[in-house]
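# Chains, contacts and geometry: an overview
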Amino acid sequence: MAAERIRPPWWLKYVNKVMIGLNKLGVGGDKGPVVLTVPGRKSGKPRSTPVTPMTVDGKRYVVGGLPGADWTANVRAAGEATVHQGRRAQRVRMVEIPAEQARPLLREFPILVPTGVGFMKNAGLVTGPHPDEFEALAGRCPVFRLDAV
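Here the structure is a predicted model, which is why all the values come from computation and not from measurement. (Residues numbered from 1 in each chain as written. Predicted model: local features only at pLDDT ≥ 70, side-chain atom pairs only at ≥ 80, totals over all residues. Heavy atoms only, no water.)

Moving on, we come to the pattern of salt bridges. Scanning the entire structure with this criterion turns up 8 salt bridges. Two residues, Arg 107 and Asp 132, come together in a salt bridge whose shortest N-O distance is 2.5 Å. With Arg 107 in helix α3 (residues 99-112) and Asp 132 in helix α5 (residues 131-135), this pair connects stretches of sequence that are 25 residues apart. The exposure class of Arg 107 is partly exposed, given its relative accessible area of 29%. Because the salt bridges share partners, they merge into one network encompassing Glu 80, Arg 91 and Arg 93. (Salt bridge = Lys/Arg side-chain N within 4 Å of Asp/Glu carboxyl O. Helix = DSSP H or I, 4+ residues; strand = E, 2+ residues; numbered from the N terminus. Buried < 20%, exposed > 50% of the residue type's maximum accessible area, 1.4 Å probe, protein only.)

The structure is reproduced here in structure tokens:
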């Protein structure tokens, strides 16, 4: 069975480029999105995407907002990435969390990353900021822990 893939909206590539540019300028501070850069699994070229980490029990996590997203496949292949926040860069090991352990983390997502709710609602994954709906995404939307290297 092929992995589920939801096609990203047409505008996402353009918005991501703007977000990456703003991040390089230091807009957003310490609480907003960061840019995750990982080698492409086929080309080996660096691929960057904005993500918004959440902190739970002192550990940072990111949620793959679209099942089958290229960046999540690249992370699985590489195992490591670089997180850019303004001019700061940090190498991280990306540890995928098993679905059962991801459930409580996904429940926290709409509370800790409210900006992600609208994106996931527009993708048809949820109807609103309901923790039960986000928990139900375990196994569909991957969750990665960012461990400093």
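In this structure, strand β1 (residues 34-39) lies alongside strand β5 (residues 80-85), joined through 3 bridges in antiparallel fashion. Note that in β5 the partner of Leu 36 across the bridge is Val 83. Across 6 bridges, β5 lies against strand β6 (residues 88-96) in antiparallel orientation. By the bridge assignment, Thr 82 is partnered in β6 with Arg 91. Between β5 and the antiparallel strand that follows it, β6, lie 2 residues; Gly 86 among them carries a positive phi value of about 65°. (Pairing = 2+ DSSP bridges.)

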